[in-house]
Amino acid sequence: EAVVGGVARYEGEDITAAQLAGATGLEILGGLFFALTIVAWAAVALTFSRLAAVLVAVVLLGMTPFALPFHEPSSDMVVAAGFALFALGLVRTCVRPTTRRFALLGLGVAVLVLARPSYQVLFAAVLAALLAGPAWRVRLRWAAAFFVAGMLPLVLWAAPLPAP
């Protein structure tokens, strides 16, 4: 490792300041996603008790396999954070259901499906709208908000563009 004229050499390769800043930025981003994910899962557990929240945070901090997706630049860290936020949104929506929350939850599923198509199974969360709630009319409104908000971005994404 040597620095000559503002360019670092590492294993025979020239590394510019911009490349180094990009690598450092990715490490910082990975750390932020890791922290966000732990906080989100702890917040999910907080729904049940403070002890559960503390235990979840401690266990996740100590689990090496949980931290692995955050050590390399990949979509894994983004998807892990997104799924944790989805879980938090689902729990909060089930505790205090509103049409707006179910719509936001559906939009969250759409974002996750765009990141990982296999996450379309999360559309089953529409059952939360059908199982929670007072009257069937309200439940159906919540389910419709979830489904439309989740499917509309995917349909628009898949729609063919007009010919130039």
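Please refer to the structure placed before this passage.
Now for a quick tour of the structure.

Calculation rules
Residues numbered from 1 in each chain as written. Predicted model: local features only at pLDDT ≥ 70, side-chain atom pairs only at ≥ 80, totals over all residues. Heavy atoms only, no water. Phe/Tyr/Trp six-rings, centres within 6.5 Å; stacked < 30°, edge-to-face > 60°. Helix = DSSP H or I, 4+ residues; strand = E, 2+ residues; numbered from the N terminus. Lys NZ or Arg CZ within 6 Å of the ring centre and 35° of its normal. Salt bridge = Lys/Arg side-chain N within 4 Å of Asp/Glu carboxyl O. Buried < 20%, exposed > 50% of the residue type's maximum accessible area, 1.4 Å probe, protein only.

Quick look at the packing of aromatic side chains
Here comes step 1: Under the defined criterion, the tally for this structure stands at nine aromatic pairs.
Here comes step 2: Where Trp-41 meets Phe-83, the ring centres are 5.9 Å apart and the plane angle is 50 degrees; that geometry is what we call tilted. Linking Trp-41 in helix H1 (residues 17-46) with Phe-83 in helix H4 (residues 75-95), this pair joins segments that are 42 residues apart in sequence.
Here comes step 3: Their ring planes at 65 degrees and their centres at 6.3 Å tell us that Phe-123 and Phe-147 sit as a pair that is edge-to-face. One end of the pair, Phe-123, is in the loop between helix H5 (99-115) and helix H6 (126-131); the other, Phe-147, is in helix H7 (residues 136-158), and 24 residues separate them in sequence.
Here comes step 4: Feature note: the residues Trp-41, Phe-83, Phe-86 and Tyr-119 constitute an aromatic cluster, connected by ring pairs.
Here comes step 5: Stacked on the ring of Trp-136, the Lys or Arg Arg-139 has its end atom at 4.7 Å from the ring centre.

Side note on the pattern of salt bridges
Here comes step 1: In total, this model carries one salt bridge according to the counting rule given.
Here comes step 2: Between Asp-76 and Arg-116 there is a salt bridge, with its nearest N and O atoms 2.5 Å apart. One end of the pair, Asp-76, is in helix H4; the other, Arg-116, is in the loop between H5 and H6, and 40 residues separate them in sequence.
Here comes step 3: Residue Asp-76 is classed as partly exposed on the basis of its relative accessible area of 35%.
Here comes step 4: The exposure class of Arg-116 is partly exposed, given its relative accessible area of 25%.

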